[in-house]
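# Coordinate analysis (summary)
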Amino acid sequence: MRAKLKKVLVASVVAAVTPALVACGGGDGTGSSISPNAHATQTASVAVSSSSSSSSSSSSASSSNASVSSSSSTEAPSADVPAGYNLAWSDEFNGTGLPDETKWVDDSASNTYDPANGELEYYTSRNIANEHMEGGYLYLTAIQQQATGQPNYDGQQYTSARITTLGKASWLYGYFEVRAMLPCGAGSWPAIWMVSKSVAWPAGGEIDIMEHVEGTPNTIFGTIHDTAYVSGDGGTTTVPTACGAFHRYEMLWTEDSIKIGVDGVYYFTYANENTGSNQWPYTAPQYLLLNLALGGHWAGAVDDKTLPESLVIDYVRVYQKS
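Predicted model, so just to flag it, every value in this text is computed and none were measured.

For the rest of this paragraph, the subject is the pairing of strand S11 (residues 188-196). When you tally the buried positions in S11, you get nine out of nine residues, the bulk of the element. Inspection of the sheet shows S11 paired to strand S18 (residues 286-294) by nine bridges, in the antiparallel sense. If you follow Ser188 over to S18, its bridge partner there is Leu294. Two strands pair when backbone bridges link them, and S11 and strand S12 (residues 206-211) are joined in this way by five bridges, in the antiparallel orientation. Residue pairing across strands places Met194 opposite Ile207, the latter belonging to S12.

Below you can see the structure in the form of structure tokens.
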């Protein structure tokens, strides 16, 4: 998620933490219905536990991100799946509590302040207040909260979540589809992206399937980063309901190109120019990351009144040729 500037990706994952954190105070082209009711958790003291699996997110605290009124989608593929591609991996988030540990790990190892991106969040590990499944959806939630005493804590005033498939699953080529509803508050920076599991950035390449910032609320960004395009080569598309409605964020990765789109329409293509690995390092597996960042040089100032808010994910599906 390095649309403008880059921070170093730390591949290792910190073990789950147990002390308490003290609080500081119509998509898919069809206009999916949502409810204005609050869903996210914000309490005076939020407990963190690596073994927690209860759905403790039923707090009545208010949130600027609407909760979902309909049940999660079925496992039938969308019409956008290319012919000849079959489901290779998925998560429908139909459970409760924390995400499935057989599929996801938390990236909470790179929390010290980095001036490159200038983000303001602290990514917690296995904290049900920042990541939980409920009603067939995954909520990655940003909260105004200090993480005093936690590993790598660097004075951030906010907590959030970044989950990855590192060490669980990675893919070389395929069609990737994530159905999600984005947060709308000032300073929010949700991202769906992929990086190499074995080669350091930027030589291993990065594929940003979706990035969004509140300053341009109707704009979705798709970006490629590699040695040839360290600052990024990408495109944008206009999605008037990017905030508050579900859309399908998609990427088709083949030997010849990477195509990034929304709801079945590709708006950016990065072609293999056959000039070498600087321009096309996309010959090795990459893993997937989902996160909700706050602030930074691109996303701008955070409006605390909009918190807590969530990136809501209906499903993640990966299809590959038979």
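In this section: the pattern of salt bridges. A full pass over the atoms with the stated rule returns eight salt bridges. Linking Asp107 and Arg162 is a salt bridge whose minimum nitrogen-to-oxygen distance equals 2.9 Å. Of this pair, Asp107 sits in the loop between strand S4 (105-106) and strand S5 (121-123) while Arg162 sits in strand S9 (residues 162-164), and the two are 55 residues apart along the sequence. According to the relative accessible area criterion, Asp107 is buried, its value standing at 3%. Notably, a salt bridge pairs Arg248 with Glu177, separated by 3.9 Å at the nearest N-O pair. Note that Arg248 is positioned in strand S15 (residues 246-253) and Glu177 in strand S10 (residues 174-181), a separation of 71 residues in sequence. Residue class for Arg248 comes out buried when judged on its relative accessible area of 12%. Three or more residues joined by partner-sharing salt bridges are found here, namely Asp80, Glu177, Arg248 and Glu250.

Bringing the state of the cysteines into the picture now. Considering all chains together, one arrives at zero disulfides under this definition. Unpaired in this structure, Cys184 has its nearest cysteine sulfur neighbour in Cys243, at a distance of 3.1 Å. Here Cys184 falls in the partly exposed class, since its relative accessible area comes to 36%. Cys243 gets classed as partly exposed once you look at its relative accessible area, which sits at 22%.

With that out of the way, let us pick up the sheet that holds strand S14 (residues 233-238). Taken together, seven strands build an open sheet; the order of strands is S4-S9-S18-S11-S12-S13-S14 and the sheet is antiparallel. Edge strands, defined here as strands with exactly one partner in the open sheet, are S4 and S14.

Turning our eyes to something else, we now look at the packing of aromatic side chains. The final tally for this structure, using the stated rule, is 15 aromatic pairs. Consider the rings of Trp171 and Phe176, whose centres lie 5.8 Å apart with planes at 75 degrees: the pair is edge-to-face. Phe176 matches Trp171 in its accessibility class, with the two residues each being buried. Aromatic side chains Tyr270 and Trp280 sit 6.1 Å apart centroid to centroid with 10 degrees between the ring planes, which places their arrangement in the stacked category. With a gap of ten residues between them, Tyr270 in strand S17 (residues 265-271) and Trp280 in the loop between S17 and S18 connect regions that are remote in the sequence. With relative accessibility at 2%, the residue Tyr270 sits in the buried group. Given a relative accessible area of 5%, Trp280 falls into the buried group. Through successive ring pairs, a cluster of aromatic residues spans Trp89, Phe93, Trp104, Trp171, Tyr173, Phe176 and Trp253. A cation over a ring is seen here: Lys103 above Trp89, with NZ or CZ 5.7 Å from the ring centre. Above the face of the Tyr315 ring, Arg317 is positioned so that its terminal group lies 3.5 Å from the ring centre.

Cut-offs used in this document
Residues numbered from 1 in each chain as written. Predicted model: local features only at pLDDT ≥ 70, side-chain atom pairs only at ≥ 80, totals over all residues. Heavy atoms only, no water. Buried < 20%, exposed > 50% of the residue type's maximum accessible area, 1.4 Å probe, protein only. Helix = DSSP H or I, 4+ residues; strand = E, 2+ residues; numbered from the N terminus. Pairing = 2+ DSSP bridges. Salt bridge = Lys/Arg side-chain N within 4 Å of Asp/Glu carboxyl O. Disulfide = S-S within 2.5 Å. Phe/Tyr/Trp six-rings, centres within 6.5 Å; stacked < 30°, edge-to-face > 60°. Lys NZ or Arg CZ within 6 Å of the ring centre and 35° of its normal.

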